[in-house]
Amino acid sequence: MKYVFGPVSSKRLGQSLGVDSLPPKSCTWNCVYCQLGKTKKFVIDRQEFFPREEILEEIREALSVNKVLDWITFVGSGETMLYKGIGWLIGEVKKLTSIPVAVITNGSLLSLPEVREELLQADAVLPSLNAGSEALHEQIDRPAGGLTFCQHIAGLTAFRKEYKGRLWIEVMLLGGINDSNKALHELAAVLKEIRPDMVHLVLPTRPVPEQEICLPSNERIERAIAILSEVSIVVHPFKGSMDLRSAPDLFEAVSAIVSRHPVQQRELQKAIADCYPHDGNKVDDIMREMFATGRFRLVEHGGEPYWVINDGKNS
């Protein structure tokens, strides 16, 4: 499928079917931790990049195949809310199924009333907030010109006042960048103003093409939880996993997921093994066949091999 991928399993969203309505990489930010690499050209104007009816038809088809889903999650190859018409898609999906809808977004466009209105139908919205100060926001998120830190906070605060669903703010915790006591207390002060239902700590566990990003130490993670817990419920970072058992085409399912983010080789191996519980010898053969297509290449991160899409760059 062109727009739908997964389902992917995670602690936060269980079995989640992903929907990506953006051409890569279309984003308002150029985050230092982005697994998709550098934003070569900012996109700040909302567009209907692909026909909404085509996207809806793929969702409908995926729902007919995947009978056990916890969430349908809109998450873009860039900033999800750049897709103009996502509100229509959310509304149509909710007519098709009772499965709740989540939207993962960096939140940079929430200052626009039309964006906030389109998101009101979602059951959960997960915007990003990685800093409690202008300086750190600029250092980490590197937004397009005109998208200021104050504007970002104002958008999040305004959305909280209007939105009755679950607002779960994602905080990417970066070792040596935003995990100091000062940075965490500044972040807590801003979160207190926004009043999210939960804060989800996220770690940079996947390889980043542009530069080296460090994981925070366990002590810093625990300190972050302690400080942020004073103003909100904090969900401890937890690495999810893939579930490919319902995929009609294993190669296409793996390609769709890897094209959106790197996948740890042993995670992929486990997901394929789950598809063949009574034939463990088949797993290595399938992985070799997939890799031999030339569609993928390996990169190393934290001593672990990851599968990424082979874009012709050196590993």
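Please refer to the structure higher up on the page.
Everything quoted here is computed from the prediction, not taken from an experiment.

Calculation criteria
- Residues numbered from 1 in each chain as written.
- Predicted model: local features only at pLDDT ≥ 70, side-chain atom pairs only at ≥ 80, totals over all residues.
- Heavy atoms only, no water.
- Salt bridge = Lys/Arg side-chain N within 4 Å of Asp/Glu carboxyl O.
- Helix = DSSP H or I, 4+ residues; strand = E, 2+ residues; numbered from the N terminus.
- Buried < 20%, exposed > 50% of the residue type's maximum accessible area, 1.4 Å probe, protein only.
- Phe/Tyr/Trp six-rings, centres within 6.5 Å; stacked < 30°, edge-to-face > 60°.
- Pairing = 2+ DSSP bridges.
- Right-handed = clockwise from strand over helix to strand, strands pointing away.
- Contact = heavy atoms within 4.5 Å.
- Axes fitted to C-alpha atoms, helices over the stretch in contact; angles between N-to-C directions.
- Parallel < 35°, antiparallel > 145°, perpendicular 65-115°, else oblique.
- Left-handed = near helix turned anticlockwise from the far one by under 90°.
- Nonpolar A, V, L, I, M, F, W, Y, C, P; charged D, E, K, R; others polar.

**A short note on the pattern of salt bridges**
- As enumerated under the stated definition, the model contains 12 salt bridges in all.
- For R46, the salt bridge is made with E118, and the minimal N-O distance between the two is 2.9 Å. Of this pair, R46 sits in the loop between β2 (14-19) and α1 (52-65) while E118 sits in helix α3 (residues 113-119), placing them 72 residues apart in sequence.
- Classification of R46 by relative accessible area gives buried; the value is 12%.
- What makes E118 buried here is its relative accessible area of 16%.
- D285 is the partner of R288 in a salt bridge, and the nearest nitrogen-oxygen pair spans 2.5 Å. Within this pair, R288 and its partner D285 are both found in helix α10 (residues 281-292), separated by 3 residues, close to a single helical turn.

**Regarding unusual backbone geometry**
- Omega for the peptide link from G6 to P7 comes to 10°, which places this bond in the cis form.
- Assignment of secondary structure puts P7 in strand β1 (residues 4-10).
- The omega angle of the peptide bond from P24 to K25 is -25°, so this bond is cis rather than trans.
- By the element assignment, K25 lies in the loop between β2 and α1.
- At R142, a residue that is not glycine, the phi angle is positive and equals roughly 45°.

**Points about the packing of aromatic side chains**
- Evaluated as defined, the whole model comprises 4 aromatic pairs.
- Both rings, one in F159 and one in Y163, keep their centres 4.6 Å apart while their planes meet at 15°; by these two values the pair is stacked. The pair formed by F159 and Y163 is uniform in burial state, with each residue classed as buried.
- With a centroid separation of 5.8 Å and 70° between ring planes, the pair formed by F251 and F296 is classed as edge-to-face.

**A closer look at the pairing of strand β6 (residues 166-172)**
- Where burial is concerned, most of β6 is hidden: 6 out of the 7 residues are buried.
- Pairing geometry for β6 and strand β7 (residues 198-202), over 5 bridges, is parallel. When the bridges of β7 are listed, W168 appears paired with M198.
- Taken together, β6, helix α6 (residues 181-194) and β7 constitute a β-α-β crossover, and its handedness is right-handed.

**Quick look at the environment of H200**
- Here H200 is to be found in strand β7.
- Among the residues examined, H200 registers a relative accessible area of 2% and is labelled buried.
- Along the backbone, H200 and V171 are 29 residues apart, and their C-alpha atoms lie at a distance of 6.1 Å.
- Non-local contacts of H200, meaning those with residues more than four positions away in its chain, are made with R12, L126, W168, I169, E170, V171 and V235.

**A closer look at the packing of α1 against helix α2 (residues 86-96)**
- Look at α1 against α2: their axes get within 11 Å of each other, and the N-to-C directions meet at 30°. Taken together, the axis directions place α1 and α2 in an arrangement best described as roughly parallel. Crossing geometry of α1 relative to α2 is assigned as right-handed. Where α1 abuts α2, its residues R52, E53, I55, L56, I59, R60 and L63 lie against W88, L89, E92, V93 and L96.
- Classifying every residue of the contact of α1 with α2 by side-chain character gives 8 nonpolar, no polar and 4 charged.

**Remarks on the pairing of strand β4 (residues 101-105)**
- Counting buried residues in β4 gives 5 out of 5 residues, a clear majority hidden from the surface.
- By the alternation rule, side chains of β4 split into V101, V103 and T105 and A102 and I104, which are all buried.
- With 4 bridges joining them, strand β3 (residues 71-75) and β4 adopt parallel strand pairing. Residue V75 lies in a different strand from β4, and its bridge partner there is I104.
- With α2 bridging β3 and the parallel β4, this β-α-β connection has right-handed handedness.
- Note: β4 against strand β5 (residues 124-127), 4 bridges, orientation parallel. Within the sheet, the bridge partner assigned to A102 lies in β5 and is A124.
- Taken together, β4, α3 and β5 form a β-α-β motif whose crossover is right-handed.

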